[in-house]
Amino acid sequence: MKELLSGNEAIARGAYECGARFAAGYPGTPSTEIMEAFATYAGVYAEWAPNEKVALEVGIGAALAGAKAMVVMKHVGVNVAADPLFTVSYTGISGALVVISADDPSLHSSQNEQDNRNYAKFAKIPMLEPSDSQEAKEFIKLAFAISKRFDTPVFLRSTTRVSHSKSVVTLETPQPVEDRTALCFDAEKYVMVPSNARKRRVEVEKRMRRLEEFAEGFPENRMEINDPEIGIITSGMPYNYAKDVFRNYSYLKLGMVHPLPVGLIRKFASRVKKLYVLEELDPFIEEQVRALGIEATGKAVFPYTNEFNPDIVHRAITGCREDLRTLSARPLPPRPPNLCPGCPHRGIFYVLGRLKAFVSGDIGCYTLAYMKPLEGIHSCICMGASVGMAHGMSKALGKKGKGKVVGVIGDSTFLHSGITPLLNMAYNRSDAVIVICDNLTTAMTGLQEHPATGFTLQGEKAMGVDLPELVRALGIESVRLVDPHDLKTTGAVLKEELAKPGPSVVIARRACVLFKREKSAPEKPLRVDPEKCTGCRVCLRLGCPPISWKTTVAAAGEDRGGKKGKKRQGIAVIDRNRCNGCGLCRQLCKFGAITEVK
Amino acid sequence: MDTRGILIAGVGGQGIILASDILCRAIMTAGLDVKKSEVHGMAQRGGCVTSHVRYGKKVYSPIARKNDVDVLVSFEKMETLRYLDFIKPEGTIIINTEELYPPAVNLGDAAYPEDAIESVRQMFGTVKVVDAPTLAAQAGNFRAVNTVLLGALSSCLSLPLAIWEAALRKAFSPKLLEANLKAFHLGRAV
């Protein structure tokens, strides 16, 4: 049977077809749908862990107990999980363990563009890389087989274009599952004290040599010899871009990008006249090819940054700009992503933006509040960084920073990696204020559950951690709960907390506007009374998508102005189809011009 | 058959991804190879969204080259102007008349281009203008703008109507199906 699947759905399907029944991960674009799709299959166990390190440790535990376990994360998640990753490479596993790293060339939804193929080399773990959904489904099966056969964790690397493109996949009947789980005692193999780890270190090198041999005959490392004038070594999505524009060139398509099949590369190089290495981001394959003494062109013509496309590949290899018709020359207003109408974050960032404090931000929808007109975030590095950075900044500034340093973090991000830095803040005591934007879900990645939502990935009821109690237990004495849609109270509470000595936490709680479970009856949309609007523009400072500015020509003899002696230049208008009636603008309008649509 | 390309463009929240899912299902049912690509996540929060669809006997790249797309379906008037370089000179453009202001326009810092449709008409021979919000409301669901535009696209492709209807049946719950089928046919008739 054929089905149209995304790369992510295909990975989940492949894992299920080959008998994997265990998965753990943390949501992160472009990886999220792998876990969501896997969790829907009958008889599987799938969980959202609080972060990627925990997810990998959960996967290692399952694999040590003999399970076929899949661990899923985005590229930067591997940084969080790096600690267990480097050592599970030493111990190996009893069952099978595949780690999915979904990379994001072009940073569509990420804070950096790191090339996680480097982790494969660094941690001495084999890595497979599919180029479309059919391969994604097949390669996860191969990854499990390699993991089992070589007693090693295996990486499957995807990129945004593979994860989020859809193509036709042939579905197969899932294999019957054999329960091979059992307690497996082998202290010399699994207790990584120096004396044992030194021995395993040697085993890792032996395993790499065996994998190098395996790579030579691995059928997914395949040569396509056509026109011998030009040969291209490539893998993943760039293979498709090249095939699209140069159907007749010769290819060495690598399904396994670590370790590389050295013999096969030499053979391919000897059969073509001009050799290219086509890869997005780092010259990972190119450097290894050159180290073999083989002449190859790679980053001399292909960019280091951003994802490729067929035009980039064509231009780089032919060396000429095609005579393309260009029509999009005129400058258009940009359309950056924005917080949704009715978003609970808008209120808190409106208030923060007016406090003139430095707001150390974090990873989530709320990072969008750095833009005009809210301009309510002044830094963003990685998951959980807001808390530690606010503390460090407050300590460094001393008295100068009193009342001027705020850290902002979402509920899911706080549980991911904000707890330990908050403990540190209580322990080493700084004056910063931390705001937890609690929208009761993991919103940015599409409304996933987390340990405070009361539900698991598979929809079962669970404990929901009480955030105020958790924060108090960490040693923070001043903990306040506010509704960010109440602008006045939120502003007053923040001012009070910033004035207090010592650390404090404000929890701004309101459900994400897209969140179905907590949805209350829809509010009535609002309108602007054109008679009462003075054109003061205060409501526009919210940056709410339905509110726009409309220039008006003052009628002859019109004397009503926004400010004394000034004719009004225009009025605010609300698009009723997009307004969800949250009422923030009404709270700001001093002239009573904003009312419900009748 | 060479690979053909369709580009659907608009603003996050307009139902572009669902529309391209339905389109791809219809193409697959017709027995062709098909690939599509779009970017989810942060971009979806009111930002620009595009979905590339490519189909034919054997498709490699899921994203199109410049000057290589056969049909552009633009869900938002101004967004049309962003993607003209992708369209073949003899390509077809379908434009929704809906205007969604980006932040700079909302704030009064930039002007919304008023002449989008006229300027596209000067550059391309086949331009179909669709008042999708009105037709969606007429069909009984103001959110069915995406289905109206899919209907308008359907009349430019040679897929049998039964395949389209089957793909719509698979995509919508019984509750939403009737209005969406109606929306599709209203768009198809434009």
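Residues numbered from 1 in each chain as written. Chains lettered and ligands numbered in written order. Predicted model: local features only at pLDDT ≥ 70, side-chain atom pairs only at ≥ 80, totals over all residues. Heavy atoms only, no water.

### Topic: the pattern of salt bridges
Right, so step 1: Taken as a whole and assessed by the stated rule, the structure comprises 49 salt bridges over all chains.
Right, so step 2: Glu-79 of chain B is paired through a salt bridge with Arg-82 of chain B; the nearest N and O atoms lie 2.8 Å apart.
Right, so step 3: Residue Arg-82 of chain B is classed as partly exposed on the basis of its relative accessible area of 24%.
Right, so step 4: Through salt bridges with shared partners, one network takes in Arg-13, Glu-17, Lys-137, Glu-138, Lys-141 and Glu-172 of chain A. (Salt bridge = Lys/Arg side-chain N within 4 Å of Asp/Glu carboxyl O. Buried < 20%, exposed > 50% of the residue type's maximum accessible area, 1.4 Å probe, protein only.)

### Section: the packing of aromatic side chains
All names here are of chain A.
Right, so step 1: As enumerated under the stated definition, the model contains 13 aromatic pairs over all chains in all.
Right, so step 2: Aromatic pair Tyr-276 and Phe-302: ring centres 6.1 Å apart, planes at 65°, arrangement edge-to-face. With a gap of 26 residues between them, Tyr-276 in strand β13 (residues 274-278) and Phe-302 in the loop between α13 (284-291) and α14 (310-318) connect regions that are remote in the sequence. Here Tyr-276 matches Phe-302 in class, with each residue buried.
Right, so step 3: Taken together, Phe-86, Tyr-119 and Phe-122 form an aromatic cluster joined through their ring pairs.
Right, so step 4: Against the face of Tyr-276 rests Lys-274, its NZ or CZ located 5.2 Å from the ring centre. (Phe/Tyr/Trp six-rings, centres within 6.5 Å; stacked < 30°, edge-to-face > 60°. Helix = DSSP H or I, 4+ residues; strand = E, 2+ residues; numbered from the N terminus. Lys NZ or Arg CZ within 6 Å of the ring centre and 35° of its normal.)

### Examining helix α11 (residues 237-245) of chain A
Right, so step 1: Burial analysis of α11 of chain A places nine of its nine residues in the buried class, which makes it a mostly covered element.
Right, so step 2: Considered for burial, the residues of α11 of chain A that qualify are Met-237, Pro-238, Tyr-239, Asn-240, Tyr-241, Ala-242, Lys-243, Asp-244 and Val-245 of chain A.

### A few points about the environment of Phe-144 of chain A
Residue and element names in this part refer to chain A.
Right, so step 1: On the secondary structure map, Phe-144 appears in helix α7 (residues 133-150).
Right, so step 2: Residues Phe-144 and Leu-156 lie 12 residues apart in sequence; the distance between their C-alpha atoms is 9.8 Å.
Right, so step 3: Not counting the four nearest positions on each side in its chain, Phe-144 is found in contact with Ala-15, Cys-18, Ala-20, Lys-68, Ala-69, Met-70, Ala-96 and Val-98. (Contact = heavy atoms within 4.5 Å.)

### A word on the sheet that holds strand β5 (residues 87-96) of chain B
Right, so step 1: In space, the eight strands of this open sheet follow the order β1(A)-β8(A)-β2(B)-β3(B)-β1(B)-β4(B)-β5(B)-β6(B), with mixed pairing throughout. What marks the edges here is a single partner per strand, and that holds for β1 (2-6) of chain A together with β6 (126-130) of chain B. Taking each pair of neighbouring strands and ignoring which way they run, the sheet shows an average axis angle of 20°.
Right, so step 2: Pairing analysis gives six bridges linking strand β2 (residues 33-38) of chain B to strand β3 (residues 48-56) of chain B, with the strands arranged antiparallel. The residue bridging Lys-36 of chain B from the neighbouring strand is Val-53 of chain B, located in β3 of chain B.
Right, so step 3: Contacting β1 and β8 (165-170) of chain A together with β1 (4-11), β2 and β3 of chain B, helix α1 (residues 16-29) of chain B crosses the sheet at an angle of about 170° to β2 of chain B. (Pairing = 2+ DSSP bridges. Axes fitted to C-alpha atoms, helices over the stretch in contact; angles between N-to-C directions.)

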